[in-house]
Amino acid sequence: DAKTTQPNSMESNEEEPVHLPCNHSTISGTDYIHWYRQLPSQGPEYVIHGLTSNVNNRMASLAIAEDRKSSTLILHRATLRDAAVYYCIPTSSGSARQLTFGSGTQLTVLP
Amino acid sequence: DAMVIQNPRYQVTQFGKPVTLSCSQTLNHNVMYWYQQKSSQAPKLLFHYYDKDFNNEADTPDNFQSRRPNTSFCFLDIRSPGLGDAAMYLCATSREGVYGYTFGSGTRLTVV
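Here is what the cut-offs are and how they apply
Residues numbered from 1 in each chain as written. Chains lettered and ligands numbered in written order. Predicted model: local features only at pLDDT ≥ 70, side-chain atom pairs only at ≥ 80, totals over all residues. Heavy atoms only, no water. 1 Å grid on protein atoms, 1.4 Å probe; cavity = no way out; pocket = protein on both sides within 12 Å on 5 of 7 lines; lining within 4 Å. Points joined across faces, edges and corners; volume = space filled by probe spheres on them. Helix = DSSP H or I, 4+ residues; strand = E, 2+ residues; numbered from the N terminus. Nonpolar A, V, L, I, M, F, W, Y, C, P; charged D, E, K, R; others polar. Buried < 20%, exposed > 50% of the residue type's maximum accessible area, 1.4 Å probe, protein only.

## Thoughts on the layout of surface pockets
Empty space among the atoms becomes visible once a probe the size of a water molecule is rolled across them. Taken as a whole, the largest pocket spans an internal volume of roughly 400 Å³. Around the largest pocket, the lining comprises 20 residues; the ones closest to its centre are Gln38(A), Val85(A), Gln37(B), Ser40(B) and Gln41(B). Considering each element in turn, the lining of the largest pocket owes the most residues, three residues, to strand β8 (residues 84–91) of chain A. For the lining of the largest pocket, the residue count by class is seven nonpolar, eleven polar and two charged. Here the second largest pocket defines a volume of roughly 210 Å³. Lining the second largest pocket are Leu39(A), Gln42(A), Gly43(A), Pro44(A), Glu45(A), Tyr46(A), Val4(B), Tyr101(B), Thr102(B), Phe103(B), Gly104(B) and Ser105(B). Of all the elements in the fold, those that place two or more residues in the lining of the second largest pocket are β4 (45–50) of chain A together with β10 (98–103) of chain B. If you tally residues by element for the lining of the second largest pocket, the top one is β10(B), at three residues. Partitioning the lining of the second largest pocket into residue classes produces six nonpolar, five polar and one charged.

Okay, here's the thing in structure tokens:
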């Protein structure tokens, strides 16, 4: 599994954009980059994933570096409900893919 | 709504007394996973079922076992819980060809 490096914690003000970085320099060429988040006392939830191109969905955007060694999860307008631990997880595309969680980034959103 | 349901939400068990945690899903996903999450740590995969095939992680203690009687249900059995097994246990599902896991809300196990 590719090793990831994320900041332990980040803070953001409510209604401002948040950029959550992740380094995954040992990612293989076929690994997808998944992002999950875990709200307090909840199971993790899927946020977004991508391979090479930038991706957008209703929750967030994912910007992937051209060399794929890093990526950034972008929350366009943080809300208090976005306070969670965010995990960046490179995962193979095969049917036996598994999620191996790193330490993640604890995002605090300030009112 | 289709979902992953874990029961109970909180479980207290005595040291050494066998305990079973349950997970059910209405998503018809063919893969089911069990994760252990200790306080302030990331979830750690214990094992998973790919259809009926059981796959154990190398470092999962023998004290932990699992059963999957059908597609919808999966159980985690802890034969002799120790104090170190106190944790949140998370069940997740996925489907081949579809990206994204769906997690349940977890069962918080306390060992007294």
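## Side note on unusual backbone geometry
All names here are of chain B. A cis amide bond, omega -10°, links Asn7 with the succeeding residue Pro8. Along the chain, Pro8 turns up in the loop between β1 (4–7) and β2 (10–13). Non-glycine residue Ser40 carries a positive phi angle of around 65°. Along the chain, Ser40 turns up in the loop between β4 (31–37) and β5 (44–50). Under the relative-accessibility criterion, Ser40 is labelled exposed at 80%. Within the chain, Asp51 stands out as a residue other than glycine whose phi angle is a positive 55°. Here Asp51 shows up in the loop between β5 and β6 (53–56). Judged by relative accessible area, Asp51 falls into the partly exposed class, the value being 39%.

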